[in-house]
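Here's the letter readout for the chains.
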Amino acid sequence: MTIVLTPYWSNGVQKLKMAPQPPPKPAHGLTPPTLNDEVHAQRCMAQLRSKDKDIEKYIYLSALKEQDPHMFYRLCLSHMPEFTPIIYTPTVGQACQEYSKNYRRPEGLFVSIKDKGKIRSVLKAWPKLDDARISVVTDGSRILGLGDLGINGMPISIGKLSLYIAGAGIRPHSTIPICLDLGTNTQKYLDDPLYLGLRKKRVPTDEMTAFMDEFMYEMSIAFPKLLVQFEDFSTDHAFLYLERYRNQYPVFNDDIQGTGAVVLSGFINAARLSSAASGRPPLLAPHPLLRCRLGWSRERIWLVDSQGLVYTARGELAEHKEYFARRDYQGPPIKDLLDILEYVKPTALMGLSTMSGAFSREAIETMAALNPLPIIFPLSNPVKLSECTFEDAVKYTDGKVLFASGSPFHEINYNGKMLYPGQGNNMYIFPGLGLGAILARCSSVTDSMVEASSLGLANSLTPEEDAMGLLYPAIERIREISAGIAMQVIRSAQEAGVDRHPELRAMSDPELLAFVNSKMWNP
Ligand SMILES: O=C([O-])CC(=O)C(=O)O
Ligand SMILES: [Mg+2]
C-alpha cells in the first residue's frame with residue numbers, strides 16, 4: 001500500500017532535558033583471570049567482523065548474548081549502527097527464514113494451537129514468572145515483508161526484545177519472546193523436514209480468536225505486570241486483536257502504532273524542512289492536538305493500493321482502507337502511480353507496499369519536479385523490499401530529498417556532500433513507549449500515549465542533528481531518546497488516567513526523568 005501525503009506542517013514543543021545516566025556497573029562473570037575486559041571487547045568485535053556473511057554474524061552475536069550478555073549489550077550499545085542491522089532488520093529477516101535450519105537452543109516461549117485449553121500450564125513453564133514485564137508476541141504470519149513464516153517468526157520477537165534491553169534498559173530477565181504456532185500456509189515450510197512448527201495450515205479466524213482470548217487472559221494471570229507487544233500478525237488479525245484487547249489489557253501493536261508513531265515523527269520534521277524550502281507558510285496548528293487533526297489529515301492523504309487510487313466509489317474496501325478512501329473522487333480509476341502523482345501533486349510519498357522498485361526513477365523525478373525538497377519514505381522491510389534505495393532517491397532528485405526508509409541504508413557522498421538517510425523504523429519508538437507504559441504500570445495503552453511517543457521522538461533532535469537536516473536522531477543516543485519518550489508516555493498515561501503508579505504523579509519532570517533513568521538496566 002502506498003500513502004501519498006499532501007502538505008503538512010508543525011512547530012516544536014519544548015526540548016527535553018536529559019539527566020545523566022548512572023555509571024555502568026563493572027562487568028563480571030565467567031572470564032579467565034587474566035582476561036582484560038577492554039581487550040576482550042576488542043577481541044569480540046574482531047571475531048564478529050571476521051565473519052563474511054551477515055547471517056554468520058547474527059549466529060555469532062546470538063551465541064555471545066547467551067554466553068556473556070553483559071558484553072553483548074555493552075558492545076551493542078557502543079556499536080548501535082553496526083549491531084542493529086545484524087540483530088534486527090534486515091538480517092533478522094533472514095534469521096527468521098532460516099530459523100528451523102539454524103536452530104541451536106531454546107530462547108523463548110512457544111504456545112501452539114494444540115495447547116488450547118491448557119495454555120496456563122505452558123506459560124507457567126517460563127522460568128522468571130515474577131520478573132516478566134514485556135513480551136513481544138508474534139504468530140509469524142507476516143514477518144517484515146517476507147510473508148507467512150510460521151514458527152520461524154520467533155527471531156523477530158527475540159530481536160525486538162534485544163532492542164528493548166539495549167535501547168531502553170529493560171532487564172534481560174524481564175523479557176519474554178513468544179511465538180504462537182497456529183500453523184502456516186507456506187507450503188515450503190510444511191514440506192521442510194527441518195521445519196520446527198506444526199505441520200498444518202493456519203486455523204480459521206474464529207478458532208484463532210478463541211485461542212487468543214484464552215492466551216491473553218492466561219498471560220494476564222501468569223504475568224500480572226506484563227505489557228504485550230503484538231508483532232507481525234497478518235494485517236487483518238493485527239487490527240482485529242488490537243481492537244479486541246486494547247481496552248482490556250496493556251497491549252499495543254508495533255506495526256500499527258509503533259510504525260505510525262515513528263513515521264509521524266519523521267514526517268513532522270520533514271514537513272518543517274520541506275515547507276521552509278518551498279517558501280510555503282506553515283500548514284499546521286501547534287502540536288498536542290493530533291487526534292483532532294485526523295479529520296484534517298484525512299483530506300490530505302491519498303491512499304494507493306494494488307488497484308490504484310483508493311476511493312469510496314471504487315466499490316467494497318477492506319475496513320482499514322475505508323478511513324482514508326477519498327470521498328471527493330468519483331473516478332475513472334487511476335491505477336498508475338505516475339498518473340496519481342500528476343493528479344494529486346503531493347509533497348510526500350510513502351511506501352508500505354513491500355514492492356521493491358515501486359518508486360521508479362520516473363516517480364522520484366516527478367516528486368522532485370513537484371517539490372524543491374520532496375519527502376520520500378520507502379518504508380517496506382527488509383532492505384530488498386524497500387520501494388527505492390537511498391541512492392536512487394538521491395540520484396533522481398539531484399541530492400534534494402527528505403528521505404527515510406524502514407530498513408537501513410548507508411550514507412552517501414554526493415558531489416562532495418555527505419547525505420544521511422533517515423531510518424523511519426519503529427525501533428526508535430517501541431523501547432521508550434514500552435518503558436514508559438511499564439513504569440506507569442498502565443492498565444492500557446492509549447492513542448494519546450502513542451502520540452506522546454511520536455512527539456517525544458520528533459523533539460529529540462539536538463541542534464546539531466537539526467542543522468544537518470536529519471529527520472531522526474542518531475541511534476547512538478537511543479537510551480537518552482528512550483528515556484525522554486518514556487517520560488512523555490508516563491505523563492500521557494497520567495492524563496488519560498490509565499496509570500497505576502500514583503507516586504510518579506507527584507514528581508516534577510526532572511525528577512521523573514531521573515526516575516526513568518534510574519530504572520534502566522546497564523550492562
Ligand atoms: O521489524 C522492523 O524492522 C519493523 C517492523 O516492525 C516490520 O517491518 O514489521
Ligand atoms: Mg513488525
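Residues numbered from 1 in each chain as written. Chains lettered and ligands numbered in written order. Predicted model: local features only at pLDDT ≥ 70, side-chain atom pairs only at ≥ 80, totals over all residues.

### Considering unusual backbone geometry
- The linkage connecting Gly-331 with the following residue, Pro-332, adopts the cis geometry, with an omega of 5°.
- In this fold, Pro-332 is placed in the loop between helix H14 (319-322) and helix H15 (337-344).
- Note the cis peptide between Asn-381 and Pro-382, where omega equals -10°.
- Residue placement: Pro-382 occurs in the loop between strand E10 (375-378) and helix H17 (390-396).
- Unlike most non-glycine residues, Thr-354 shows phi in positive territory, near 50°.
- Structurally, Thr-354 can be placed in the loop between strand E9 (348-351) and helix H16 (361-370).
- Accessibility expressed as a C-beta count within 10 Å gives 21 for Thr-354, which makes it buried.
- Even without glycine at this site, Asn-415 takes up a positive phi of about 50°. (Helix = DSSP H or I, 4+ residues; strand = E, 2+ residues; numbered from the N terminus. Buried ≥ 20, exposed ≤ 12 C-beta atoms within 10 Å, placed from the backbone.)

### Side note on the site of ligand 1
- In the vicinity of ligand 1, the contacting residues are Thr-89, Leu-144, Asp-232, Asp-254, Asp-255, Asn-381, Gly-406, Asn-425 and Asn-426.
- Considering only residue class, the shell around ligand 1 consists of one nonpolar, five polar and three charged. (Near = placed C-beta within 6 Å. Nonpolar A, V, L, I, M, F, W, Y, C, P; charged D, E, K, R; others polar.)

### Details of the domain arrangement of the chain
- Here the chain is partitioned into domain 1 (2-14 + 258-425), domain 2 (98-252) and domain 3 (427-518).
- Placing the centre of domain 1 and that of domain 2 at their C-alpha centroids yields a distance of 31 Å.
- At the interface, six residues of domain 1 touch four residues of domain 2.
- Of the residues assigned to the side of domain 1 that touches domain 2, the class counts are two nonpolar, four polar and no charged. (Domains from an automatic or database assignment. Contact = placed C-beta atoms within 7 Å.)

### A look at the UniProt feature "active site" (unreviewed entry) in the chain
- In this structure's numbering, the residues bearing the UniProt feature "active site" (unreviewed entry) are Tyr-88 and Lys-160. Judged by maximum C-alpha separation, these annotated positions cover 73 residues in sequence but sit close together in space, the widest gap being only 7.2 Å.
- Mapped onto the elements, Tyr-88 comes out in the loop between helix H4 (80-87) and helix H5 (91-97).
- The exposure class of Tyr-88 is buried, given the 25 C-beta atoms found within 10 Å.
- The residues contacting Tyr-88, other than those within four sequence positions of it, are Gly-159, Leu-163 and Met-427.
- Tracing the backbone shows Lys-160 in helix H8 (residues 154-168).
- You can call Lys-160 buried: it has 28 C-beta atoms within 10 Å.
- In contact with Lys-160, not counting residues within four places along its chain, are Val-136, Gln-229, Glu-231 and Phe-430. (UniProt positions renumbered as here; feature names shortened; annotations may be inferred.)

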